[in-house]
Amino acid sequence: MDTRNDVQKFLTALRARITPEVAGLTVFGGERRVPGLRREEVAQLAGVSTAYYTRMERGDLSGVSESVLFALVRALQLNEAETAHLFDLARAATGPRRAPRTKPQPRVSPRVAQLIDAMGDVPAIAMTRLGDPVASNPLGRALFPDLFPPGKPALNSARYMFLDERSRVFYPDWETTALEAVSGMRLLAGQDPTDKALMALVGELATRSNEFRTWWGGHTVRTHSTGTKHIHHPVVGDMTLGYEALAITSTPGLVLMTYLAEPATPSADAMNLLRSWTANEARTGETARTSRKVAGDLP
């Protein structure tokens, strides 16, 4: 990925969203030709020269000190995710240039797999940084049936979001959910711009999805470790669920996604119905397997 271009687009977008009034600057008469702050105004707020800020906005963050970066954070009123992304971009620009590399796929340990299975009443899915499900319990698979086609590998959640029309029915607020996915991938790109798997996924989605290509160019970054999802489940109907993304510290690159409904709500009733349906499906499958074994179809 082109780090210089990413820096330029990111800082330009941040500057455009802040008006002089919001920044606390006095505005004199005359027509402004930019939607937000001018470069010289950002430089004034950050306490650096216009030439120095212009160099940074053109994509050159090499050698920029932490104090200057924090001054930009204050001047552009960055949130936590945007601050982390800015520092990630600066580290990529300052450190030695690395060739694209393939990162190993994280594996779920037997203990973590046992833990996921033990969480019988909570949908739980272990996801890689790119959104590949690598472990799940029955309720997690039942909650996201499209991601787990019977007898086939699980689907990547980003590909499902942008390349599978079923996602637009499953997520009633599809655009909001899809934007969250893009902004999360932007953070990953800043953390490691040499990740070949991420580069390939971004390239695929940008080629095949107009929405992804447009939103990727917006350089919006957000963290999504907790929040709310609205889904239209094919079996139990509409549900509003809170989610938590829990880092599996023993296996870097994996997060455990869990989902809960507020007690005494229609969503809680729907989740209870899904639990019953999942348990019934499991019993039906086991009965069918036993019958086949008795008939000699299974060893």
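Please read all numbers here as calculations on a predicted model, not as lab measurements.

Student: Would you mind showing me how to read helix H4 (residues 50–57) here?
Tutor: Every α-helix carries 3.6 residues per turn, so stepping three or four residues along brings you back to the same face. Residues Tyr53, Thr54, Met56 and Glu57 constitute the buried set of H4. Across the axial projection of H4, the buried residues extend over an arc of 160°, all falling on one side. On its buried face, H4 sits against helix H1 (3–17), helix H3 (39–46) and helix H5 (66–76). Downstream of H4 by one or two residues, Gly59 has phi in the positive range, about 110°.

Student: How do you make sense of helix H11 (residues 174–191) when you look at a structure like this?
Tutor: Taking 1.5 Å as the rise per residue, H11 with 18 residues should run 26 Å; its terminal C-alpha atoms sit 26 Å apart, in good agreement. Every buried residue of H11 is listed here: Trp174, Thr177, Ala178, Val182, Ser183, Met185, Arg186, Leu187, Leu188, Ala189 and Gly190.

Student: Before we go on, may I ask you to explain the UniProt feature "domain: HTH cro/C1-type" (unreviewed entry) in the protein chain in this structure?
Tutor: With numbering aligned to this structure, UniProt lists the feature "domain: HTH cro/C1-type" (unreviewed entry) at residues 36–83. This span, residues 36–83, is 65% helix and 0% strand, and a straight line between its end C-alpha atoms measures 19 Å.

Student: Help me understand unusual backbone geometry, please; the structure alone is not making it clear to me.
Tutor: Most peptide bonds take the trans form, and the phi angle of most residues other than glycine is negative. Here His219, not a glycine, exhibits a phi torsion of approximately 60°, which is positive. Looking at the secondary structure, you find His219 in the loop between helix H13 (210–216) and strand S3 (226–233). With a phi close to 60°, Ala264 is a non-glycine residue in the positive phi region. With respect to the helices and strands, the residue Ala264 is situated in the loop between strand S5 (254–260) and helix H14 (266–294).

Student: Help me understand the side chain of Asp88 in this model?
Tutor: With respect to the helices and strands, the residue Asp88 is situated in helix H6 (residues 80–94). Judged by relative accessible area, Asp88 falls into the buried class, the value being 11%. In contact with Asp88, other than residues within four places in its own chain, are Leu187, Gly190 and Gln191.

Student: Would you mind showing me how to read the packing of aromatic side chains here?
Tutor: The relation between two aromatic rings is expressed through the spacing of the ring centres and the mutual angle of the planes. Taken as a whole and assessed by the stated rule, the structure comprises nine aromatic pairs. Ring centres of Phe144 and Phe170 lie 5.7 Å apart, and the angle between their planes is 50°; this geometry places the pair in the tilted category. Of this pair, Phe144 sits in the loop between helix H8 (138–143) and helix H9 (157–163) while Phe170 sits in helix H10 (residues 166–170), placing them 26 residues apart in sequence. Residue Phe170 is classed as buried on the basis of its relative accessible area, which comes to 4%. Taken together, a centroid distance of 5.6 Å and an interplanar angle of 15° make the contact between Phe212 and Trp216 stacked. Here Phe212 pairs with Trp216, and both are found in helix H13, just four residues apart, close to one helical turn. For the pair formed by Phe212 and Trp216, the shared burial category is buried. Joined through ring pairs, the aromatic side chains of Phe162, Trp174, Phe212, Trp215 and Trp216 make up one cluster.

Student: What is the right way to read the domain arrangement of the protein chain from this model?
Tutor: Many authors give the size of an interface as the accessible area that is lost as the parts come together. Along its sequence, the protein chain is carved into domain 1 (3–94) and domain 2 (110–291). Computed from C-alpha coordinates alone, the two centres of domain 1 and domain 2 are separated by 35 Å. Taken together, the 13 residues of domain 1 in the interface contact ten residues of domain 2. Here domain 1 and domain 2 share an interface that buries about 900 Å² over both sides, 61% of which is from carbon and sulfur atoms. Summed over the three residues of domain 1 that lose the most area to domain 2, namely Ala81, His85 and Asp88, the buried surface amounts to 45% of that side. Summed over the shared surface of domain 1 and domain 2, the result is two salt bridges. Across the contact surface, domain 1 and domain 2 share two residue pairs in polar contact (both at pLDDT 80 or more). Within the residue set of the side of domain 1 that touches domain 2, elements represented by two or more residues are H1 and H6. Here the residues of the side of domain 1 that touches domain 2 are counted per class, giving five nonpolar, four polar and four charged.

Parameters and conventions
Going along each chain's sequence as written, the residues are numbered from 1 onward. For this predicted model, a pLDDT threshold of at least 70 governs which residues receive local features, and a threshold of 80 or more governs which side-chain atom pairs are given and counted, while totals over whole chains, interfaces and linings are taken from all residues. Each side-chain value is worked out from all heavy atoms of the structure, with water and hydrogens disregarded. The buried label goes to any residue with under 20% of its type's maximum accessible area, the exposed label to any with over 50%, and the partly exposed label to all in between, with areas taken from a 1.4 Å probe on protein chains only. Counting from the N terminus, the helices are DSSP H or I runs at least four residues long and the strands are E runs at least two residues long. This arc corresponds to the set of directions leading from the helix axis out to the C-beta atoms. Residue contacts are defined here by distance: any two heavy atoms, one from each residue, within 4.5 Å place the two residues in contact. Multiplying 1.5 Å by the helix residue count minus one yields the expected span of that helix. UniProt positions are given in the numbering used here, feature names are shortened, and annotations may be inferred rather than shown by experiment. Ring pairs shown here join Phe, Tyr and Trp side chains whose ring centres sit within 6.5 Å, with only the six-membered ring taken for Trp; geometry is labelled stacked below 30 degrees between planes, edge-to-face above 60, and tilted in between. Residue ranges labeled as domains rest on an automatic or database domain assignment. Once two parts are joined, some of their accessible surface, as seen by a 1.4 Å probe, is lost; buried area is that loss totalled over both. Salt bridge, as used here: a side-chain nitrogen of Lys or Arg that lies within 4 Å of a carboxyl oxygen of Asp or Glu. Throughout this description, a polar contact denotes any pair of N or O atoms lying within 3.5 Å of each other; where both atoms belong to protein, one of them has to be capable of donating a hydrogen while the other can accept it, and for residues adjacent in sequence the pair is counted only when both atoms sit in side chains. Each residue receives one of three labels: charged for Asp, Glu, Lys and Arg, nonpolar for Ala, Val, Leu, Ile, Met, Phe, Trp, Tyr, Cys and Pro, and polar for the others, Gly being one of them.

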